[in-house]
Amino acid sequence: IDFAIDHPELVTSQADELPGHTHTFRLPIRQFVKVAAAIALLIVAGYAVNRYIDRDDKGGDDVALLEQSTENGERKVISLEDGTKVWLNVASTIRYPESFQREQIRELYLDGEAFFDVAEDKEKPFIVRTDAVQVKVLGTSFNVKSYKKESEIQTTLIKGKVTVESIDDEPKLVTLAPNQVATYHRSSKKIVLDNQPDTDMFSGWKDGRLIFDNTPLGTIVLALERWYNVKITVDDEKSLRCHFSAKIENLTLREVLELFKVSDGIEYEIDGQNVRMRGAICEE
């Protein structure tokens, strides 16, 4: 087998005498096989790396991702190809493959909040990925709340079994039983596991209910803004740290504000999509 080399600096002293001259030499077959195998290995490795990068960027191996989103004040129910149902809360987005048939796992990306009723498939775990944690299940019902503007990511298990794992430099992993809530704190990067007998507070939104239990007003305001598609300004910023308990079901925004007015003596103004709350709502 003959090879032509156009680099005189790489051959014998004869090449030094004839710079730029093309030399031909004969390579033993065993060495040729080794060289060919090495070249083939490099090509395959390069291809695999490219495939891995492509998968990492797109969320699947050559699989285009579908996207479903909701605006403030909008919710929707989505049925996936495997039979899983997803309730998508306000101001949220999910991305997922059209089909999981060619995939080894069922993978979905969430920004916002969603409730999942996952179809069981022991051969293909179902994974919900957020910007800071991933939730892994086989078949179960659970809620994930992961708005990037909020300081916490909450996973609430209704039935079945899930694991929640952080994806930071020092990953943490917890396993949830039914009626447990895993809260990932963005600042400390810790996961706290709590028992929660009444999970309706975390998942009632899918049935049209907002439930707050000793919740800071600042958190309530964010929820109301997304739920009613408005911008709320609170004049007394100290009041944002006050805690309230409330159950809101099939109420208009004005009816909700009337509840604050009656119970706490605040005044409010509604101007289109802008709401202003005036007065000290509570004493710190």
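Our subject is the structure that appears above.
All figures in this text were calculated on a predicted structure; none of them were measured in a lab.

Quick notes on the rules
- Residues numbered from 1 in each chain as written.
- Predicted model: local features only at pLDDT ≥ 70, side-chain atom pairs only at ≥ 80, totals over all residues.
- Heavy atoms only, no water.
- Helix = DSSP H or I, 4+ residues; strand = E, 2+ residues; numbered from the N terminus.
- Buried < 20%, exposed > 50% of the residue type's maximum accessible area, 1.4 Å probe, protein only.
- Contact = heavy atoms within 4.5 Å.
- Areas by Shrake-Rupley, 256 points an atom, 1.4 Å probe, with all protein chains shown as cover.
- Pairing = 2+ DSSP bridges.
- Axes fitted to C-alpha atoms, helices over the stretch in contact; angles between N-to-C directions.
- Phe/Tyr/Trp six-rings, centres within 6.5 Å; stacked < 30°, edge-to-face > 60°.
- Salt bridge = Lys/Arg side-chain N within 4 Å of Asp/Glu carboxyl O.
- Expected span 1.5 Å × (residues − 1).
- Arc of directions from axis to C-beta.
- Polar contact = N/O pair within 3.5 Å; in protein donor to acceptor, adjacent residues only side chain to side chain.

Asker: I would appreciate a short explanation of the overall build of the chain in the present structure.
Answerer: Of regular secondary structure, the chain possesses 5 helices and 20 strands. When the 284 residues of the chain are sorted by exposure, 38% land in the buried category. Look at the contacts in the chain between residues 6 or more apart in sequence, and 45% of them connect residues 24 or more apart. For the chain, the accessible area works out to roughly 16,600 Å², and carbon and sulfur atoms hold 50% of it.

Asker: Got a minute to help me understand the sheet that holds strand E19 (residues 267–271) in this structure?
Answerer: Sheet strands associate in pairs through backbone hydrogen bonding, adopting either a parallel or an antiparallel arrangement. With mixed pairing, the 3 strands of this open sheet are ordered in space as E17-E20-E19. Every interior strand has two partners, whereas the edge strands, strand E17 (231–234) and E19, have only one. Adjacent strand axes in the sheet meet at a mean angle of 15°, parallel and antiparallel pairs treated alike.

Asker: Explain the packing of aromatic side chains here, please?
Answerer: Aromatic ring pairs are reported here in terms of the distance separating the ring centres and the angle at which the planes meet. Per the stated rule, a full pass over the model turns up 5 aromatic pairs. With a centroid separation of 6.4 Å and an interplanar angle of 70°, the aromatic rings of Phe100 and Phe126 are classed as edge-to-face. With a gap of 26 residues between them, Phe100 in the loop between strand E6 (93–97) and strand E7 (106–117) and Phe126 in strand E8 (residues 126–129) connect regions that are remote in the sequence. We classify Phe126 as buried; its relative accessible area is 0%. Judged by centre distance (5.1 Å) and plane angle (20°), the rings of Phe116 and Phe142 are stacked. Of this pair, Phe116 sits in strand E7 while Phe142 sits in strand E10 (residues 141–146), and the two are 26 residues apart along the sequence.

Asker: How should I be thinking about the pattern of salt bridges in this particular structure?
Answerer: For the coordinates displayed, the defined rule picks out 13 salt bridges. Note that Arg226 and Glu150 form a salt bridge whose closest N and O atoms lie 2.5 Å from each other. Remark: Glu150 occurs in the loop between E10 and strand E11 (152–159) and Arg226 occurs in helix H4 (residues 217–228); sequence separation between them is 76 residues. Glu150 carries the same exposure label as Arg226, and that label is buried. One salt bridge connects Asp207 with Lys206, and the closest N-O pair in it is separated by 3.6 Å. A residue is classified by how much of its surface remains accessible, and Lys206, at 22% relative accessible area, is partly exposed. Ionic contacts of the salt-bridge type, sharing partners, join the residues Asp200, Lys206, Asp207 and Arg209 into one network.

Asker: Quick question: what am I supposed to make of unusual backbone geometry here?
Answerer: Glycine aside, residues mostly have negative phi, and peptide bonds are mostly found in the trans state. Look at Asn214: it is not a glycine, yet its phi comes out positive at around 50°. Inspection of the secondary structure puts Asn214 in strand E16 (residues 209–216). If you check the backbone angles, Asn250 has positive phi at about 55° while not being a glycine. Along the chain, Asn250 falls in the loop between strand E18 (243–249) and helix H5 (253–264).

Asker: Any chance you could explain the environment of Arg95 here in plain terms?
Answerer: Relative to the helices and strands, Arg95 resides in strand E6. Judged by its relative accessible area of 30%, Arg95 falls in the partly exposed class. Taking C-alpha positions, Arg95 is 4.5 Å from Glu67, a pair spaced 28 residues apart along the chain. The residues touching Arg95, leaving out its near neighbours within four places in the chain, are Leu65, Leu66, Glu67, Glu107, Leu108 and Tyr109.

Asker: Just to check I follow, could you spell out H5 for this structure?
Answerer: Every α-helical turn comprises 3.6 residues, leaving residues that sit three or four positions apart pointing alike. Here H5 contains 12 residues, and its C-alpha end-to-end distance of 16 Å stays within 8% of the 16 Å for a straight helix at 1.5 Å per residue. By the burial criterion, the buried members of H5 are Leu253, Val256, Leu257 and Phe260. The buried side chains of H5 occupy one side of the element, clustering within an arc of 95° when seen end-on. In H5, the exposed positions that point more than 90 degrees away from the buried face belong to Val262 and Ser263. The elements touched by buried residues of H5 are H4, E18, E19 and strand E20 (274–278). Where H5 ends, the next residue or the one after it, Gly265, has phi of about 70°, a positive value.

Asker: Mind showing me how you'd approach the environment of Ile270 here?
Answerer: Relative to the helices and strands, Ile270 resides in strand E19. For the pair Ile270 and Arg254, spaced 16 residues apart in the sequence, the C-alpha separation amounts to 8.2 Å. What Ile270 contacts, discounting residues up to four positions off in sequence, is Arg254, Leu257 and Val275.

Asker: Quick question: what am I supposed to make of the side chain of Asn89 here?
Answerer: Relative to the helices and strands, Asn89 resides in the loop between strand E5 (85–88) and E6. In terms of polar contacts, Asn89 uses its side chain to reach the side chain of Glu113, at 2.9 Å. Setting aside chain neighbours within four positions, we find Asn89 in contact with Thr70, Glu74, Arg75, Glu113, Tyr147, Trp205 and Trp227.

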